[in-house]
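# Results of the structural survey
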Amino acid sequence: MSEIRMPSMTRISLTDTRLEILSLIRQPGYSLPSLLFPVMFYVFFGLVFNMGRGVHMPTYLLASYGTFGVIAPALFSFGVGVAVERAQGWLRLRQASPAPPLAYVISKTGVSLAFAAAVALLLMTLGALFGDVRLERLRWFWTFGVLVFGTIPFCALGLWIGMNVKGNAAPAVVNLLYLPMSLLSGLWIPIQFFPELMQKLAWALPPFHLAQLAFGAVGMPVQAPAWVSVSYLSVMTLVFGVASMRSFYREDA
Amino acid sequence: MSQIATGLTNAAKSFGKVRAVDDVTLELRPGQVLGLLGPNGAGKTTSIKLLLGLLQPDRGRARLFGVDPRSREARMRIGVMMQIGEVPAVLTIDELVEQFRGYYPNPRPAGEAIELAGLGALRDRRAGKLSGGEKQRLMFALAICGNPELLFLDEPTVGMDVASRRTFWEGIRAFLDGGRSILLTTHYLEEADALADRIAVIDRGRVIADGTPETIKSRFSGKRIRCRTSLSPTTLLGLPGVRETGGSGASVELISETPERTVRALLDADAGLSDLEVIGMGLEEAFLSMTESPAGTEEMSA
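Nothing here was measured: the structure is a model prediction, and the numbers come from that model.

## Considering the sheet that holds strand β12 (residues 251-256) of chain B
Residues and elements named next belong to chain B.
- Across the sheet, four strands lie side by side as β11-β12-β10-β13; this open sheet has antiparallel pairing. Edge positions in the sheet fall to β11 (242-248) and β13 (274-280), since each of these pairs with one other strand and no more. Sheet twist, expressed as the average angle between the axes of neighbouring strands with direction ignored, equals 15 degrees.
- Bridging between strand β10 (residues 223-228) and β13 involves five bridges; their strand directions are antiparallel.

## With respect to a nonpolar patch on the surface
- On the surface, Phe44(A), Phe45(A), Val48(A) and Phe49(A) cluster together into a nonpolar patch covering about 400 Å² of accessible area.
- When you line up the elements, Phe49(A) lands in the loop between α2 (28-48) and α3 (57-88).

## Digging into α3(A)
- End to end, α3(A) covers 45 Å across 32 residues, agreeing with the expected 46 Å (1.5 Å per residue, within 8%).
- Across the 32 residues that make up α3(A), a large majority, 26, are buried.

## A closer look at the nonpolar core
- One finds Leu138(B) and Phe152(B) to be the most contacted residues of the largest nonpolar core, which totals 79 residues.
- Those residues in contact with Leu138(B) that sit more than four places away from it in its chain are Val87(B), Ile93(B), Leu96(B), Val97(B), Leu119(B), Ala127(B) and Leu130(B).
- Listed in part, the 59 residues of the second largest apolar core include Val70(A), Phe115(A), Leu147(A) and Phe154(A).

## Considering the packing of aromatic side chains
- In total, this model carries 17 aromatic pairs over all chains according to the counting rule given.
- A ring pair is formed by Phe41(A) and Phe68(A), whose centres lie 5.6 Å apart and whose planes are at 10 degrees; its orientation type is stacked. Of the two residues, Phe41(A) is situated in helix α2 and Phe68(A) in helix α3; the sequence distance between them amounts to 27 residues.
- The cationic tip of Arg77(B) hangs over the ring face of Phe65(B); the distance from NZ or CZ to the ring centre is 3.8 Å.
- Positioned over the ring face of Phe175(B) is Arg180(B), at 5.3 Å from the centre of the ring.

Conventions and cut-offs
Residues numbered from 1 in each chain as written. Chains lettered and ligands numbered in written order. Predicted model: local features only at pLDDT ≥ 70, side-chain atom pairs only at ≥ 80, totals over all residues. Heavy atoms only, no water. Pairing = 2+ DSSP bridges. Helix = DSSP H or I, 4+ residues; strand = E, 2+ residues; numbered from the N terminus. Axes fitted to C-alpha atoms, helices over the stretch in contact; angles between N-to-C directions. Patch = residues over 30% accessible without salt bridge, like charges linked within 9 Å, V, L, I, M, F, W, Y side chains within 5 Å. Areas by Shrake-Rupley, 256 points an atom, 1.4 Å probe, with all protein chains shown as cover. Salt bridge = Lys/Arg side-chain N within 4 Å of Asp/Glu carboxyl O. Expected span 1.5 Å × (residues − 1). Buried < 20%, exposed > 50% of the residue type's maximum accessible area, 1.4 Å probe, protein only. Core = buried A, V, L, I, M, F, W, Y, C linked by side-chain atoms within 4.5 Å. Contact = heavy atoms within 4.5 Å. Phe/Tyr/Trp six-rings, centres within 6.5 Å; stacked < 30°, edge-to-face > 60°. Lys NZ or Arg CZ within 6 Å of the ring centre and 35° of its normal.

Structure follows, in structure tokens:
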């Protein structure tokens, strides 16, 4: 047999990412709400009804609604998107193709990162223009980086849900995780207003840790040391990442 | 036992208590079109999934080109058309074919694959807007766009009307120019006969016949004749065209290659004959005639 040049994983991932983004753009009914919800929240509670006492609310909410906004596309595009493609049989066709499974995951992660970047940029722009959010230049970059790359653990969690929950149940499962987890992690109401027990409970939840890193990035006081949050999120990525890849290779997933 | 480079060797696969594939040995040879024929639930799709590495056999082995079917080397030499529920609805035929071409080292030009699938006029149409038959042709385009040596077609023409089925067959024949091989599953004998060089009949997870279409057809051809008669089984077997006899007591069943001649001879031989029925051998029935005892055949007639 003559020499064979396998298409590189980078190329496959890039093509797949492009098509995923194209699909999102062509279905604004799905993508726009995830983009607009956090923006609406931020404009409402952060900029219009600014009830800050002591803390600068637009800055505080940039971190908390930012976290709320960026984890949604990760959980939904993976959790629901993968479950649906699995139910349709499309994923099986893809598994039988020579495209490496990792390329599938990379392209979906790429889309989630792009989405998260859009949410983060929108909120940061609104905050800077209308909320008088003033950060050092490095902190802007740091906040953006935390919000965008902080979605990776949630991509892993979403992928695991997508590979293990039935297609029609996936939206319910993701919502049941996303909304209560966001509330209990203090993304809507600052955690300091919670009873002590609930404040402790929040430490167990992933959005709490991403929010902690985001608060740190915008220069707000944090409860958990950064190394705790970083370790938590890294372990989470590893656990769900490995479990998902196992599901991917599992029979007839 | 000799090593099968591409195929299954004594493969078995159960799902819980259901034994989908019991003991299948099946060799795919280069340049050959193998039709895997069997009724629904016979184990065709499970056999294909074992060969594709989407399922792992409980016993036995599956190999593609001598290697594990899950390996990338194996998968880049095959194309797969499966029955799937939906395709990504907002992408066009062109985009999906380009996506799959990108997975292969040496793909066929996109236009050629789309043309062969008979979708030339619909390149820019979104997959969600295609009819059922067009979606199946899109699946075919995706299966051949990687320029594979071996093509898997799982029930490719289910639900197509006669005309589109024939057009589709032409696409498959065009694909074959150039020494490629195909494994095709179908429950239409006609389809297997039109396309395959070799037919393996699978029933209840076992290969019950493997041979040229002529051999297989001769086993499945003819008609079933039922009647009440006082003639002995030996006499019945001696009638023109009769291949098999069965039944119990006065109620008998014959399988005949030439039913008209058999019936004439039957009526001549037994003036008291009653309840005469002549039934075509549908594939489902033909399977029963090959695999079941006469008692089982009785059940079938209920």
